[in-house]
Amino acid sequence: MDESLKFISFVVNYCRNTLIDFYPYQQGHENLNEDIYGMKYYSEDHEWVEIVGDEATVGISEYAVDELGDITYVELPEEEDDFIIGDRLGEVESVNSSSEIYSPISGTVSQVNEALADEPGLINESPEDKGWLCRLTNFDSSELDDMMNEDAYQKYLRKLRR
């Protein structure tokens, strides 16, 4: 192999390895299984969890929001609070009723959706995006094994609607 091809091969391999090192999934997230990264998981109580980086975003599903009606108040946890699965995370109140929200996984609250204090209706408008409740760190991804992926959750909802 002539010297210019060796050099090009070296540069390509160097760039490939450097890019892999900077890709967010690789840096600091080696403990996360690629299969869960960015996926949503649902509990039977209609809470959802989405893993992005080292944070788990938590909210309530569109089904839960439809059942509650127009949400008028949201009680959120405090940042740095620790929760285990099943702990009371907060509460949502609507014109029809109120419902407690339970932590679908264990973790430490790293951020709450402050926008919900002034605009609780964001949950109605965008329950699985802008209407998220809090973000957790220090979670154990193995706890997601007891939750449903999106397909399984849709099947679960079909059974409930019968």
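See the structure printed just above.
Residues numbered from 1 in each chain as written. Predicted model: local features only at pLDDT ≥ 70, side-chain atom pairs only at ≥ 80, totals over all residues. Heavy atoms only, no water.

**Q** Looking at this model, I keep getting lost on the overall build of the chain. Mind explaining?
**A** Along the backbone of the chain there are 5 helices and 9 strands. For the chain, the α and β elements follow one another from N to C terminus as α-β-β-β-α-β-β-β-β-β-α-α-β-α. Going through the 162 residues of the chain one by one, you find that 40% of them count as buried. Taking contacts inside the chain between residues at least 6 apart in sequence as the whole, the part at least 24 apart equals 58%. A total accessible area of about 9900 Å² is found for the chain, and carbon and sulfur atoms account for 46% of it. (Helix = DSSP H or I, 4+ residues; strand = E, 2+ residues; numbered from the N terminus. Buried < 20%, exposed > 50% of the residue type's maximum accessible area, 1.4 Å probe, protein only. Contact = heavy atoms within 4.5 Å. Areas by Shrake-Rupley, 256 points an atom, 1.4 Å probe, with all protein chains shown as cover.)

**Q** How should I be thinking about the sheet that holds strand β8 (residues 107–112) in this particular structure?
**A** The strands that make up a sheet are held in pairs by hydrogen bonds between backbone atoms, and each pair lies either parallel or antiparallel. Spatially, 6 strands are ordered β1-β2-β3-β9-β8-β5 in an open sheet, and the strand pairing comes out antiparallel. Pairing within the sheet leaves two strands with one partner each, and these edge strands are β1 (40–42) and β5 (82–83). Sheet topology note: the β1/strand β2 (residues 47–52) ladder contains 3 bridges and is antiparallel. Paired with Lys40 across the strands is Glu50, a residue of β2. (Pairing = 2+ DSSP bridges.)

**Q** Would you mind going over the nonpolar core with me for this structure?
**A** When a protein is soluble and globular, its nonpolar side chains tend to lie buried together. With 27 residues, the main nonpolar core has Val49, Ile60, Ile71, Val92, Ile105 and Ile123 as its most contacted residues. Looking at this core, the elements with two or more residues in it are β2, β3 (55–60), α2 (62–68), β4 (71–75), β6 (88–94), β8, α4 (122–125) and β9 (134–137). With 8 residues, the next largest nonpolar core counts Tyr63, Trp132, Tyr153 and Tyr156 among its residues. (Core = buried A, V, L, I, M, F, W, Y, C linked by side-chain atoms within 4.5 Å.)

**Q** Quick question: what am I supposed to make of the environment of Met39 here?
**A** Along the chain, the position of Met39 falls in the loop between α1 (3–22) and β1. Relative accessible area serves as the criterion here: at 31%, Met39 is assigned to the partly exposed category. Along the chain, Met39 and Asn149 lie 110 residues apart, while their C-alpha atoms are 7.7 Å from each other. When near neighbours in sequence (up to four residues on either side) are disregarded, Met39 contacts Val49, Glu50, Ile51 and Asn149.

**Q** It is not clear to me how a negative patch on the surface should be interpreted in this structure. Could you clarify?
**A** A cluster of acidic residues, Glu78, Glu79, Glu80, Asp82 and Glu114, forms a negative patch on the protein surface. Mapped onto the secondary structure, Glu80 falls in the loop between β4 and β5. (Patch = residues over 30% accessible without salt bridge, like charges linked within 9 Å, V, L, I, M, F, W, Y side chains within 5 Å. Salt bridge = Lys/Arg side-chain N within 4 Å of Asp/Glu carboxyl O. Lys, Arg positive; Asp, Glu negative; His and termini not counted. Charge placed at Lys NZ, Arg CZ, Asp CG, Glu CD.)

**Q** Which parts of the structure should I look at to understand the pairing of β9?
**A** Looking along a regular strand, one sees the side chains alternate between the two faces of the sheet. Alignment of β3 against β9, held across 3 bridges, turns out to be antiparallel. Bridged to Val58 within β9 is Cys134. Of the strand pairs in this sheet, β8 and β9 are connected by 4 bridges, and their pairing is antiparallel. By the bridge assignment, Gln111 is partnered in β9 with Arg135.

**Q** What exactly am I supposed to notice about helix α5 (residues 150–161) here?
**A** For an α-helix, the turn length of 3.6 residues means that residues three or four places apart are oriented alike. An ideal rise of 1.5 Å per residue puts 16 Å on 12 residues; α5 measures up with 17 Å between its terminal C-alpha atoms. Residues Tyr153, Tyr156 and Leu157 constitute the buried set of α5. Burial along α5 is one-sided: seen end-on, the buried residues are contained in an arc of 100°. Exposed and oriented more than 90 degrees from the buried face of α5 are Asp151, Lys155 and Lys159. (Expected span 1.5 Å × (residues − 1). Arc of directions from axis to C-beta.)

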